[in-house]
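Read off the chains here:
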Amino acid sequence: MAEDVDVVVIGLGPGGEDAAGRLAEAGLSVAGVEARLVGGECPYYACVPTKMMVRAAGLLAEGRRVPGMAGDATVRPDWSPVAGRIRDEATDGWNDQAAADRLTAKGVRLVRGRGRITAPGEVTVGDRTLRARRGILIDIGTEPAAPPIDGLDGTPYWTNREAVRAERVPGSLLVLGGGVVGAETAQVFARFGADVTIVEVADRLLAQDEPESSELIAEVFRKEGLLVRTGATVTGVRHDGDSFTLDLGGERLTAERLLVAAGRRSDLRGLGVAAVGLDEDARTIPVDGNMRAADGVWAIGDVTGKGQFTHVSMYQGRIAVRDILGEEGSPAAYRAVPRVTFTDPEIGAVGLTEAQARDQNLPVRTGFARLEETARGWIHKAGNEGFVKLVEDTEWGVLVGATAAGPSGGEVLGALSVAVHAEVPTGALREMIYAYPTFHRAIEAALADLDGA
Ligand SMILES: Cc1cc2nc3c(=O)[nH]c(=O)nc-3n(C[C@H](O)[C@H](O)[C@H](O)COP(=O)(O)OP(=O)(O)OC[C@H]3O[C@@H](n4cnc5c(N)ncnc54)[C@H](O)[C@@H]3O)c2cc1C
Ligand SMILES: NC(=O)c1ccc[n+]([C@@H]2O[C@H](COP(=O)([O-])OP(=O)(O)OC[C@H]3O[C@@H](n4cnc5c(N)ncnc54)[C@H](O)[C@@H]3O)[C@@H](O)[C@H]2O)c1
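Just so you know, these numbers come straight off a predicted model, no measurement behind them.

1. Quick look at the UniProt feature "binding site: NAD(+)" (unreviewed entry) in the protein chain
Okay, so step 1: Summarizing the sequence annotation, UniProt attributes the feature "binding site: NAD(+)" (unreviewed entry) to G177, G178, G179, V180, V181, G182, A183, E184, E200 and G263 in the numbering used throughout. Despite a sequence span of 87 residues, these residues sit close together in the fold, their greatest C-alpha distance being 14.0 Å. Annotated residues from the preceding list that form part of the lining of the second largest pocket: these are E184.
Okay, so step 2: Positionally, G179 belongs in the loop between β8 (172–176) and α7 (180–191).

Here it is in C-alpha cells:
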C-alpha cells in the first residue's frame with residue numbers, strides 16, 4: 001500500500017538533509033530517502049575528512065618551515081592520527097546513525113534505499129511506494145566519474161571515497177585529474193611522503209580558476225616535489241597486482257596507487273526523471289530561481305550544475321523549502337558564489353574570472369597584488385606565496401569577480417565575497433581602512449593597481 005506524505009526528499013546530501021528537517025519542523029509530513037549515508041558525500045567522503053587531511057598536511061608543512069625562521073624541527077609524518085581522526089571523529093566509522101537520529105527527531109520519516117521516480121508525485125524505494133501530495137525534492141548529488149580509458153575499469157583505483165579511507169600513505173601515487181579534488185589530495189599525500197604525479201588533460205591545473213592560480217599552484221607543487229603533467233592524454237591503464245601504469249602515448253608512469261579525480265556524474269536515468277518529463281540523458285537538472293525543475297519537482301545541490309559545493313546545496317535547499325511552503329523570497333542568484341580550494345596556498349575565488357567576464361563582453365579591468373610584496377607577506381616569509389586579483393566592470397564600477405590566493409586565502413575571500421555580493425562600488429572599497437599588517441590588506445594594493453591599469 002502506498003504511503004502518503006507531503007514531500008519526498010530523494011537524496012539526503014547536505015541541502016536535502018537540512019531541507020527535510022526544515023519542512024518537517026514547519027509541520028509537513030516528510031519522507032527522506034537515502035541510498036547510502038544521511039548527510040551525503042560532504043561529511044563522510046569529501047569536505048570534512050579531506051579538510052582534516054589538509055589540516056594535518058599543513059601542520060607538517062609549517063614544521064618544515066621552522067628551520068631558518070624559528071630554530072630546528074624534525075618532522076616525521078605519521079598517517080595513523082589522520083586516519084584515526086577521520087574514522088572516529090569525522091565519520092564514526094562511516095556510520096550515520098547520529099545524523100539519522102537527528103533527522104528523525106525533527107519528524108522526518110527516514111526511508112533507506114535507492115529512490116526512483118515512477119510517476120508524477122510517486123517515488124518507489126524497493127517494495128515501498130511513497131506518494132508526495134505537495135512535491136518531490138531531489139538532492140541526489142554526484143558520484144565520482146570514471147573517464148573512458150582503456151583498461152581502467154576493473155582495476156582497484158581510488159576515488160575520493162577510498163582516499164579518505166586510506167589507512168596508510170602509499171609509496172607512490174598517480175592522480176588522474178588536476179582539478180580541485182586532485183590538487184587538494186595530491187598535496188596532502190605528497191606532504192605525507194608519497195611520490196605524487198598529477199596527470200591532467202587540460203593545459204593547466206585548476207583550469208576553472210584564474211591562470212594566475214594555476215601558475216601559483218603548479219610552482220608550489222614543483223617546489224614541494226610533486227610532478228605535474230598537463231596537456232596529457234592517457235590512452236591506457238594497467239594494474240599488475242602491485243602497481244598501476246598509465247600510458248601517456250610515449251611516456252609511461254607507474255605508481256603503487258591511482259587516484260581518479262576526473263570530475264563527477266549524476267545518475268538521472270536511475271532516478272527515473274523521465275517520469276516527470278525531465279531529460280534522463282542530461283548531465284544536470286535545470287532549475288528556475290525557486291529551484292523548480294518540473295511541476296511538483298524541485299532540485300538542489302550538485303545535480304543542478306550551479307556549483308558543486310556544500311554551501312550551494314544548503315543555499316538552494318533553503319530557497320526550495322521556502323517555495324514549497326508557499327513563502328515569498330528572492331530567487332536564487334549565483335553572481336557571488338564563493339569557492340575555496342584548500343591547497344596550501346588556499347585559492348579563494350568569487351564571481352567571474354577575468355576570462356568569464358570578457359566572454360560576457362563586460363568592460364573589464366583587473367587589479368593584481370602579489371602577497372610576497374605586501375608587509376604581511378614579507379613578515380610571514382616561508383609559505384607566503386599568493387596574490388589578490390580583482391575583476392572590475394568599469395562601466396558599473398563594481399567588482400564582478402575576485403581571487404584571494406595565499407595563507408588563509410579562503411578567509412581573505414570573505415571581504416571580496418561581500419564586495420561582489422553586495423555590489424559595493426570600488427570607490428567605497430578604496431575608502432575603507434585595511435588593518436595593518438594583514439593579508440587582506442593586499443586588497444587595497446590590488447585596488448591601487450586597478451587604478452593604474
Ligand atoms: C573530495 C571532495 C572534497 C570536497 N570538499 C568540499 C569543500 O571543502 N567544500 C565544499 O563546499 N564542497 C566540497 N566538496 C563538494 C561537496 O561534497 C558537495 O558539493 C556536497 O556534498 C553537496 O552535495 P549534494 O547536496 O549535491 O549531495 P551529495 O553530498 O552528493 O549527497 C547526495 C546523496 O544522495 C544519495 N542518493 C543519490 N541517488 C539517490 C537515490 N536515487 N535515492 C536515494 N538516495 C540517493 C547519495 O547516496 C548521497 O548520500 C567536495 C567534494 C569532494 C568529492
Ligand atoms: N574545496 C572545495 O570546495 C572542493 C573540493 C573538492 C571538490 N569540490 C567540488 O567537487 C567538484 C568535483 O571535483 P573534481 O576535482 O573531481 O572535478 P573537477 O571538474 O574540478 O576536475 C576534474 C579534472 O580532471 C580532468 N580530467 C578529466 N578527465 C581526464 C582524463 N581522462 N585525464 C586527465 N585529466 C582528466 C579535468 O580536465 C579537470 O581538470 C569540483 O568541481 C568542486 O566543485 C570542491
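Moving on, there is more to tell.
2. Description of the state of the cysteines
Okay, so step 1: Applying the stated criterion across every chain, the model contains one disulfide.
Okay, so step 2: Note that C42 is cross-linked by a disulfide to C47, the S-S spacing being 2.4 Å. Between C42 and C47 the sulfur-sulfur dihedral comes to about -135°; the bridge is accordingly left-handed.
Okay, so step 3: Since its relative accessible area comes to 11%, C42 is described here as buried.

3. Observations regarding the pattern of salt bridges
Okay, so step 1: This structure, assessed with the given rule, holds 33 salt bridges.
Okay, so step 2: Note that E423 and R335 form a salt bridge whose closest N and O atoms lie 3.4 Å from each other. One end of the pair, E423, is in the loop between α13 (409–421) and α14 (426–431); the other, R335, is in the loop between α10 (310–324) and β18 (338–341), with 88 residues separating them in the sequence.
Okay, so step 3: Its relative accessible area of 35% is what places R335 among the partly exposed residues.

4. Structural notes on the packing of aromatic side chains
Two measures describe an aromatic ring pair: the distance that separates the ring centres and the angle between the ring planes.
Okay, so step 1: Under the counting rule described, the total for this entry stands at six aromatic pairs.
Okay, so step 2: Note on Y45 and W94: the rings are 6.5 Å apart at their centroids and 25° apart in plane angle, and the pair reads as stacked. In this pair, Y45 is assigned in helix α2 (residues 41–45) and W94 in the loop between α4 (80–90) and α5 (97–105), connecting sequence segments 49 residues apart.
Okay, so step 3: For Y45, a relative accessible area of 9% corresponds to the buried category.
Okay, so step 4: Taken together, a centroid distance of 6.4 Å and an interplanar angle of 80° make the contact between Y315 and Y334 edge-to-face. Remark: Y334 occurs in the loop between α10 and β18 and Y315 occurs in helix α10; sequence separation between them is 19 residues.
Okay, so step 5: What makes Y315 partly exposed here is its relative accessible area of 27%.
Okay, so step 6: On the accessibility criterion, Y334 (26% relative accessible area) is partly exposed.

5. Digging into the nonpolar core
Okay, so step 1: W79, I138, F189, F192, V196 and I285 are the most contacted members of the largest nonpolar core, which totals 91 residues.
Okay, so step 2: Sorting elements by how many residues they give to this core places helix α3 (residues 47–64) first, with six residues.
Okay, so step 3: Once you skip the residues sitting within four places of it in the chain, I285 turns out to touch I138, L268, V273, L278, A293, A299, V303 and T304.
Okay, so step 4: With 23 residues, the next largest nonpolar core counts V340, V350, V412 and L429 among its residues.

6. A look at the packing of helix α1 (residues 14–25) against α5
Okay, so step 1: At a closest axis distance of 9 Å, the pairing of α1 and α5 adopts a crossing angle of 30°. Of the possible angle classes, the one that applies to α1 and α5 is roughly parallel. Contacts between α1 and α5 pair E17, A20 and G21 from the former with A99, R102 and L103 from the latter.
Okay, so step 2: Of the residues in the contact of α1 with α5, the class split is three nonpolar, one polar and two charged.

7. Looking at the site of ligand 2
Okay, so step 1: Around ligand 2, 20 residues are found, and the nearest of them are V181, E184, E200, Q308 and V340.
Okay, so step 2: Here an oxygen atom of ligand 2 sits 3.3 Å away from a polar atom, N or O, in the main chain of V180.
Okay, so step 3: Note that an oxygen atom of ligand 2 is positioned 2.9 Å from one of the backbone N or O atoms of V181.
Okay, so step 4: Burial of ligand 2 by the protein amounts to 78% of the accessible area it has alone, namely 840 Å².
Okay, so step 5: When residues in the shell around ligand 2 are grouped by element, the largest group, three residues, is from α7.

8. Focus: the UniProt feature "binding site: FAD" (unreviewed entry) in the protein chain
Okay, so step 1: As recorded in UniProt, the sites labelled "binding site: FAD" (unreviewed entry) are K51, G115 and D302. Look at the named residues: they lie 252 residues apart in sequence, and the longest C-alpha span between them is 30.2 Å, so in the fold they stay spread out.
Okay, so step 2: Here K51 is to be found in helix α3.
Okay, so step 3: Residue K51 is classed as partly exposed on the basis of its relative accessible area, which comes to 25%.
Okay, so step 4: Each residue touching K51, except ones within four places of it in the same chain, is listed here: A46, E184 and F342.
Okay, so step 5: For D302, the location among the structural elements is in the loop between β17 (297–299) and α10.
Okay, so step 6: In contact with D302, other than residues within four places in its own chain, are G141, T142, G307, Q308 and F309.
Okay, so step 7: Of note is the side chain of D302, whose polar atom sits 3.1 Å from the side chain of T142.

9. Comments concerning helix α15 (residues 442–452)
Okay, so step 1: What α15 keeps buried is the set A442, I443, A446, L447 and L450. Taken down its axis, α15 places every buried residue within 145° of arc, on the same side.
Okay, so step 2: At its buried positions, α15 is contacted by β20 (364–370), β21 (387–393), β22 (398–406), α13 and α14.

Calculation rules
- Residues numbered from 1 in each chain as written.
- Chains lettered and ligands numbered in written order.
- Predicted model: local features only at pLDDT ≥ 70, side-chain atom pairs only at ≥ 80, totals over all residues.
- Heavy atoms only, no water.
- UniProt positions renumbered as here; feature names shortened; annotations may be inferred.
- 1 Å grid on protein atoms, 1.4 Å probe; cavity = no way out; pocket = protein on both sides within 12 Å on 5 of 7 lines; lining within 4 Å.
- Helix = DSSP H or I, 4+ residues; strand = E, 2+ residues; numbered from the N terminus.
- Disulfide = S-S within 2.5 Å.
- Buried < 20%, exposed > 50% of the residue type's maximum accessible area, 1.4 Å probe, protein only.
- Salt bridge = Lys/Arg side-chain N within 4 Å of Asp/Glu carboxyl O.
- Phe/Tyr/Trp six-rings, centres within 6.5 Å; stacked < 30°, edge-to-face > 60°.
- Core = buried A, V, L, I, M, F, W, Y, C linked by side-chain atoms within 4.5 Å.
- Contact = heavy atoms within 4.5 Å.
- Axes fitted to C-alpha atoms, helices over the stretch in contact; angles between N-to-C directions.
- Parallel < 35°, antiparallel > 145°, perpendicular 65-115°, else oblique.
- Nonpolar A, V, L, I, M, F, W, Y, C, P; charged D, E, K, R; others polar.
- Near = heavy atom within 4 Å.
- Polar contact = N/O pair within 3.5 Å; in protein donor to acceptor, adjacent residues only side chain to side chain.
- Areas by Shrake-Rupley, 256 points an atom, 1.4 Å probe, with all protein chains shown as cover.
- Arc of directions from axis to C-beta.

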